[in-house]
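The lines below spell out each chain.
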Amino acid sequence: MLKLEAVRTRYGPIEALRGIDLTISKGEIVSLIGSNGAGKSTCLMTISGVLKPSSGRIELHGEDIAVLPPHRIVERGVSQAPEGRRIFPRLTVKENLEMGAFPGRGSFPEQIENVFRLFPILKERSRQYGGTLSGGEQQMLAIGRALMARPEILLLDEPSLGLAPIMVSRIFRTIEEINREGMTVLLVEQNARAALRLSHRGYVLESGAITLQGSSEALLGNEKVKQAYLGE
Amino acid sequence: MLLQQIINGLTLGSVYALIALGYTMVYGILELINFAHGEIYMIGAYLGIILLAFFTSVGLTAVSLPLTLLLVVVLAALICSAYGFTVEKLAYKPLRNASRLSPLISAIGVSIFLQNYVMLTQGATDKVFPSLFGSGGFRFLSTRVSYLQAAIIVVSGVMMVSLQAFVMKTKTGKAMRAVAQDKTMASLLGINVDKVISITFVVGSGLASVAGVMVAAYYGLVNYFIGYIAGIKAFTAAVLGGIGSIPGAMFGGILLGLVESLGASYISSEYKDAYAFVVLIGILLVRPGGLFGKAPEEKI
Ligand SMILES: Nc1ncnc2c1ncn2[C@@H]1O[C@H](COP(=O)(O)OP(=O)(O)OP(=O)(O)O)[C@@H](O)[C@H]1O
Ligand SMILES: [Mg+2]
């Protein structure tokens, strides 16, 4: 469904992605793990069109989307909940969700019902400003907001970052749930163990290049992964 | 006497507020002080005179004055919106990713260009807005309000309320607020950020042009330089209210009008233009972010 071919992305003179190949099929959860500065967020921002690759192709259902502006990519069904959540602090929770529905890919009442079903707390908080939510609530809002566009594929950048363990498992269970309902997910995580347990396949990114890939089970058993990312 | 000065201050203040809204909306979204905004207002004032002369020459003014004025205001707003749109596309958009100083310099350049463009095409001498309303007016409590003053206050009030409703309630208005808070995130949600920026310039320019037409009618005289002074005053009003804040610009504009009017009559009219800055300095000492603004260190 989504396919990256030899994608290179640079920040001025720094090449942050040095030729990435990656594929995601419908219905999968694929995790992308790597340490700080490996290029994970750069990879998601390149898929979303915020960063333009200097070379390579990004195909969605065979169409090259690398040339499109970000809002066109969302319209084609690729949504992202970025690192740091980036909730609009001075928009209410409801307004944040309305912005998520901006491309109008689904019916608004249906979508918001769906998000409130996944995250009931957001319904209670719907008239509150986004900036007043707790970290966990903001993460739920970030995921809910991305879902409002009724995407075909959801890109999640470190959804567990800075959350208490109980909230992390809550978020991960929800990711599993929306995947069971048919959503394709690309999950970026530093919490490699949790991500690999959840996902079907995984990629390991090191300084802008993919160094390992395979089924999540195989990666969980891989010695190098164990040493570098699972702390064993 | 006091009431009279308050009415005068409100009239002037409404105009400042309408112009200030354009500064504050653009700043809220691009963190750019659009120095060319005062010139859009000035062009609005000229268009008021030109369009009115045109409609008079084809006989429409004699048929219905209110209809003519409505047409003048609407057409001036449309044309000025087109100017605002074009200025953004040509002078600011190409510099979107440049250092912050570049668009600022570009803005000053556009301002100088537009002044000279009007001076060359319209002449350097004052143009006269025909007196259409005579000295008509009505009594209000203990004072007299001219129809024109009443019209300026009412039209400005309606426009400000409509703008606030637009920004708070409509999908586009909410997208404007989202873009002002986080452009990248807005684009990640499918909002066309360039389009929202264009709409901001179009709306701000429309408001300024209405202010321009009304001022031309109020003072009766227009020259190519009026955008400079009014621009500085309105910008002061925007900073006073908290730049980036829409209610702040409205409130700041009206406060400034009142201060000028009361200061001119109770202290001295010679320093009329200085009161604005005295108030500005006073308020910024107490609230560095302006009346409705966030303190700078809290800014996200
Ligand atoms: N705006 C930028 N300008 C210049 N270099 C950048 C920029 N953003 C990221 N980089 C660099 O690109 C590389 C990849 O960064 P990226 O944010 O993609 O890493 P990451 O894997 O998401 O890391 P983390 O786990 O810390 O979020 C890093 O070396 C980083 O310093
Ligand atoms: Mg990152």
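Caption draft 1: View of the overall build of chain B. On a plain count of helices and strands, chain B comes out with 12 helices and 4 strands. Scaling as 2.2 N^0.38, a compact globule of 300 residues should have a C-alpha radius of gyration of about 19 Å, and chain B matches this with 19 Å. Across the 300 residues of chain B, 48% fall into the buried class. Put simply, of all contacts in chain B between residues at least 6 apart along the chain, 76% involve residues at least 24 apart. Total accessible area on chain B stands at roughly 13,300 Å², and carbon and sulfur atoms take up 71% of it.

Caption draft 2: A look at the side chain of Thr42(A). All names here are of chain A. Relative to the elements of secondary structure, threonine 42 occurs in helix H1 (residues 40–48). The exposure class of threonine 42 is buried, given its relative accessible area of 8%. When neighbours within four sequence positions are excluded, threonine 42 is seen to be in contact with Thr9, Tyr11, Ala16, Leu17 and Leu51.

Caption draft 3: View of the interface of chain A and chain B. Contacts between the two partners involve 21 residues from chain A, matched on the other side by 19 residues from chain B. Contact with chain B buries surface across chain A, with Phe88(A), Arg90(A) and Phe102(A) losing the most and accounting together for 31% of the total. Close ionic contact of Arg177(B) with Glu95(A) constitutes a salt bridge, the shortest N to O distance being 2.9 Å. Elements that contribute at least two residues to the side of chain A that touches chain B include exactly H1, helix H2 (70–75) and helix H3 (93–100) of chain A. Residue composition of the side of chain A that touches chain B, grouped by class: 11 nonpolar, 4 polar and 6 charged.

Caption draft 4: Region of the structure containing the site of ligand 1. All names here are of chain A. Around ligand 1 there are 13 residues in total, and Asn36, Gly37, Lys40, Ser41 and Thr42 lie nearest to it. Residue glycine 39 places a main-chain N or O atom 2.9 Å away from an oxygen atom belonging to ligand 1. The contact in question runs from an oxygen atom of ligand 1 to an N or O atom on the side chain of glutamate 83, over 3.0 Å. For ligand 1, whose unbound accessible area comes to 630 Å², protein coverage reaches 62%. Ranked by the residues each element gives to the shell around ligand 1, the list is headed by H1, at 3 residues. Residue classes in the shell around ligand 1 are distributed as 3 nonpolar, 7 polar and 3 charged.

Caption draft 5: Highlighting the pattern of salt bridges. Residue and element names in this part refer to chain A. All told, the structure shown has 23 salt bridges over all chains when counted by the stated rule. Between arginine 72 and glutamate 75 there is a salt bridge whose closest N-O contact spans 2.9 Å. Here the residue arginine 72 and the residue glutamate 75 both occupy positions in helix H2, the gap between them amounting to 3 residues, near one helical turn. Overall, arginine 72 belongs to the partly exposed group, its relative accessible area being 35%. Here glutamate 75 falls in the partly exposed class, since its relative accessible area comes to 30%.

Caption draft 6: Local environment of the nonpolar core. Ranked by internal contacts, the top residues of the largest apolar core, which has 86 residues, are Phe88(A), Met99(A), Ile19(B), Leu21(B), Tyr41(B), Tyr92(B) and Ile191(B). Element by element, the count of residues in this core is highest for helix H9 (residues 193–219) of chain B, at 13 residues. Ile112(A), Ile143(A), Met183(A) and Leu198(A) belong to the second largest nonpolar core, which has 42 residues in total.

Caption draft 7: Broad picture of the packing of aromatic side chains. Counted under the stated rule, the structure contains 10 aromatic pairs over all chains. A ring pair is formed by Tyr83(B) and Tyr117(B), whose centres lie 6.4 Å apart and whose planes are at 55 degrees; its orientation type is tilted. Of this pair, Tyr83(B) sits in helix H4 (residues 65–92) while Tyr117(B) sits in helix H5 (residues 101–122), placing them 34 residues apart in sequence. Every member of this aromatic cluster is reached through a ring pair, and the members are Tyr83(B), Phe113(B) and Tyr117(B). Across the ring face of Phe102(A), the terminal group of Lys171(B) is positioned such that the distance to the ring centre comes to 4.7 Å.

Caption draft 8: Layout of the pairing of strand E7 (residues 153–157) of chain A. Residues and elements named next belong to chain A. Most of E7 sits out of view: 5 of its 5 residues are buried. Burial along E7 is two-sided: Ile153, Leu155 and Asp157 and Leu154 and Leu156, pointing in opposite directions, are all buried. In this structure, strand E6 (residues 78–81) lies alongside E7, joined through 4 bridges in parallel fashion. From the neighbouring strand, valine 78 faces E7, where its bridge partner is isoleucine 153. Traced from E7 through helix H7 (residues 165–180) to strand E8 (residues 184–189), the parallel crossover comes out right-handed.

Caption draft 9: Summary view of the environment of Leu10(B). Residue and element names in this part refer to chain B. If you trace the backbone, leucine 10 turns up in helix H1 (residues 2–30). We classify leucine 10 as partly exposed; its relative accessible area is 28%. As a C-alpha pair, leucine 10 and glycine 227 span 217 residues in sequence and 20 Å in three-dimensional space. Filtering out sequence-adjacent residues up to four positions away, leucine 10 remains in contact with Ile153, Ile254 and Leu258.

Caption draft 10: Geometry of a nonpolar patch on the surface. Taken together, the side chains of Leu67(B), Leu70(B), Leu71(B), Val74(B), Leu78(B) and Ile79(B) make up a nonpolar region of the molecular surface, amounting to roughly 500 Å² of accessible area. On the secondary structure map, Ile79(B) appears in helix H4.

Caption draft 11: Structural context of helix H6 (residues 147–169) of chain B. For H6(B), with 23 residues, the first-to-last C-alpha span of 32 Å sits near the 33 Å given by 1.5 Å per residue. Listed as buried for H6(B) are Leu148(B), Gln149(B), Ala150(B), Ile152(B), Ser156(B), Met160(B), Leu163(B) and Val167(B).

Caption draft 12: Focus on the layout of surface pockets. The calculated volume of the second largest pocket comes to roughly 800 Å³. In terms of lining, the second largest pocket is formed by 28 residues, of which the most central are Leu30(B), Arg96(B), Asn97(B), Lys183(B) and Val193(B). Taken together, the elements giving at least two residues each to the lining of the second largest pocket come down to H2 of chain A together with H1, H5, helix H8 (183–188) and H9 of chain B. Here the lining of the second largest pocket takes 3 residues from H8(B), the largest share from any one element. Across the lining of the second largest pocket, the residue classes break down as 14 nonpolar, 7 polar and 7 charged.

Parameters and conventions
Residues numbered from 1 in each chain as written. Chains lettered and ligands numbered in written order. Predicted model: local features only at pLDDT ≥ 70, side-chain atom pairs only at ≥ 80, totals over all residues. Heavy atoms only, no water. Helix = DSSP H or I, 4+ residues; strand = E, 2+ residues; numbered from the N terminus. Rg over C-alpha atoms; globule rule 2.2 N^0.38 Å. Buried < 20%, exposed > 50% of the residue type's maximum accessible area, 1.4 Å probe, protein only. Contact = heavy atoms within 4.5 Å. Areas by Shrake-Rupley, 256 points an atom, 1.4 Å probe, with all protein chains shown as cover. Buried area = accessible area lost by both parts, 1.4 Å probe. Salt bridge = Lys/Arg side-chain N within 4 Å of Asp/Glu carboxyl O. Nonpolar A, V, L, I, M, F, W, Y, C, P; charged D, E, K, R; others polar. Near = heavy atom within 4 Å. Polar contact = N/O pair within 3.5 Å; in protein donor to acceptor, adjacent residues only side chain to side chain. Core = buried A, V, L, I, M, F, W, Y, C linked by side-chain atoms within 4.5 Å. Phe/Tyr/Trp six-rings, centres within 6.5 Å; stacked < 30°, edge-to-face > 60°. Lys NZ or Arg CZ within 6 Å of the ring centre and 35° of its normal. Pairing = 2+ DSSP bridges. Right-handed = clockwise from strand over helix to strand, strands pointing away. Patch = residues over 30% accessible without salt bridge, like charges linked within 9 Å, V, L, I, M, F, W, Y side chains within 5 Å. Expected span 1.5 Å × (residues − 1). 1 Å grid on protein atoms, 1.4 Å probe; cavity = no way out; pocket = protein on both sides within 12 Å on 5 of 7 lines; lining within 4 Å. Points joined across faces, edges and corners; volume = space filled by probe spheres on them.

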